[in-house]
Amino acid sequence: MATQERAAWQTLDSGQLLLIASAGLFVIVAVTQVAAVGLVQPDVAVIFGVLIALGELFRMVMPGNREVAPIATAGAIGYALLVGVGHEGGRVDPELGVVLATHSPLQVVAVTAVGMLIGSLPHLAVGRSFGLDAMARRLFTVAVVALCFRPLVTAGLDRKVLLAMMGVVAVIACFADVLVASMIRAEAARTRFGIAVRDEIRAKMALCAATTATAMLVAVSTTVMGPVALLIFTAPILVTQFAFRRYAGVRTTYLQTVRALSRVTEVGGYVEAGHSRRVSRFAVAMGRELGMCEEELLELEYAALMHDIGQLSLADPIPGGATVLASPTEQRRIAELGSEVIKQTGVLDRVAYIVHLSSHPYRTGHGTAQGGDGAAVDRPVPPPLASRIIKVANAYDDLVGDSGDRDRGAAVLERLRLDSASEYDPTVVEALSRVVDRYVRR
């Protein structure tokens, strides 16, 4: 058991560990403070805590292995943005006309943390894994909102000013979440921070906007109507969550189908066992090294997994499935046939295009370029970066296979460098060299 726990912790990067440790320390301080002074307006705290717990219970995993809990996040941010709790149960504030919500930022953090913990218990009971770093990031986002907004509630500001500040703080919360997630992802995936930011914005901004908008709606409606408003105004984020869950399921099904198709050539004896998986692993790592975004990496992974599917048309399989040893004409024919098979899916045309050009040499390229006046000029067009990456990764695995011999790997890399004058993109070959070096050092 101890060995398994160490192995689990060793999979976390330093940024993830720092985030988890900081969140844990903040929670300890918050819970200690609340325990010392007691809960302010405990009935409201319990209601929001239950909503957060339910949201954590129904959390989901988005494409890119991003764990999200929209309902829990909306509830927690709504509690942080809460101005009042209706017109009953306390002294009505003369400026706002409602019973003022006087809980502190630390109480928001404590209630959120307890709700998250309770919502996670069923997951732990059935042995389901979850990301501590994702929970810590959600808690950090809620803490930013609470620290920015709660002091404004007791400052006697006008309703319109408070509403405007809600919007400002909600935007700050979204960008804080994106920045923290980008820093963690950049370290974990070994990609550039700017690319990680772009990926996170594309992947999460729509959901983040829906979550924060619902949080503001929850806060405003609860201020006017009291806690009963929670039962009505969490419905929009629930519908949004089901839509995103369905989208994530479709993406997962695509990848599982592609992986199953990629094994057909291995089962049929056309390529060595594990070849497609290894080429895909190298290709994705090289793509990250060369600055490809997440959407491009997904297309690259699909294409790398299915790059050899055209070999199914061969009457006589290539020995060992090593297309690098076949003639250029045969290589091109295999790529074209594989591309036609992929096109039949009707949804992977871009992947088919990448596979089609994965056999073309880097220098001679394909087709001719167009000049500024639209006329064709005698200048070859190099294949797209994804195709060049697959060509290099495939050649390396064809010649090295699953061998762990460092000298053999170094010799193959040198051979690829020598062929960079015509066949392989030298920039891609050097990216492969760095990727292989990392694998060797592990």
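Residues numbered from 1 in each chain as written. Predicted model: local features only at pLDDT ≥ 70, side-chain atom pairs only at ≥ 80, totals over all residues. Heavy atoms only, no water.

Named according to an unreviewed UniProt entry, the protein is Metal-dependent phosphohydrolase originating from Actinomadura fulvescens.

Trainee: Can you help me understand the side chain of R150 in this one?
Mentor: Looking at the secondary structure, you find R150 in helix 6 (residues 132–153). Dropping the residues within four chain positions of it, R150 is found in contact with Y79, A80, L81, L82, A101, T102, H103, S104, P105, V108 and V145. (Helix = DSSP H or I, 4+ residues; strand = E, 2+ residues; numbered from the N terminus. Contact = heavy atoms within 4.5 Å.)

Trainee: How should I be thinking about the state of the cysteines in this particular structure?
Mentor: Simply put, disulfide is the name for a covalent bond between the sulfur atoms of two cysteines. Tallying each qualifying case throughout the model produces 1 disulfide. Between the sulfur atoms of C174 and its disulfide partner C208 the distance amounts to 2.2 Å. The S-S bond linking C174 to C208 shows a torsion near -115°; that makes this disulfide left-handed. Of this pair, C174 sits in helix 7 (residues 159–189) while C208 sits in helix 8 (residues 193–225), and the two are 34 residues apart along the sequence. Across this residue pair, the class does not change: C174 and C208 are buried. (Disulfide = S-S within 2.5 Å. Buried < 20%, exposed > 50% of the residue type's maximum accessible area, 1.4 Å probe, protein only.)

Trainee: What am I meant to see in the packing of helix 13 (residues 294–305) against helix 15 (residues 349–356) here?
Mentor: In a pair of packed helices, the angle between the axes and the distance between the axes together describe the arrangement. Here helix 13 crosses helix 15 at 60°, and the two axes come no closer than 9 Å. Taken together, the axes of helix 13 and helix 15 lie oblique to each other. Between helix 13 and helix 15 lies a crossing of right-handed hand. Residues E299, Y302 and A303 of helix 13 form the contact with helix 15, whose own contacting residues are R350, V351, I354 and V355. Of the residues in the contact of helix 13 with helix 15, the class split is 5 nonpolar, no polar and 2 charged. (Axes fitted to C-alpha atoms, helices over the stretch in contact; angles between N-to-C directions. Parallel < 35°, antiparallel > 145°, perpendicular 65-115°, else oblique. Left-handed = near helix turned anticlockwise from the far one by under 90°. Nonpolar A, V, L, I, M, F, W, Y, C, P; charged D, E, K, R; others polar.)

Trainee: Help me understand helix 2 (residues 14–37) in this model?
Mentor: Since the α-helix advances by 3.6 residues per turn, residues separated by three or four positions end up pointing in the same direction. Relative to the 34 Å expected for 24 residues at 1.5 Å per residue, helix 2 spans 35 Å between its end C-alpha atoms, a close match to the ideal helical length. Taken as a whole, helix 2 has its buried residues at G15, Q16, L19, I20, A23, V27, A30 and V34. Those residues of helix 2 that are buried are in contact with helix 5 (105–125), helix 6 and helix 7. Positive phi shows up at G38, right after helix 2, with a value of about 90°. (Expected span 1.5 Å × (residues − 1).)

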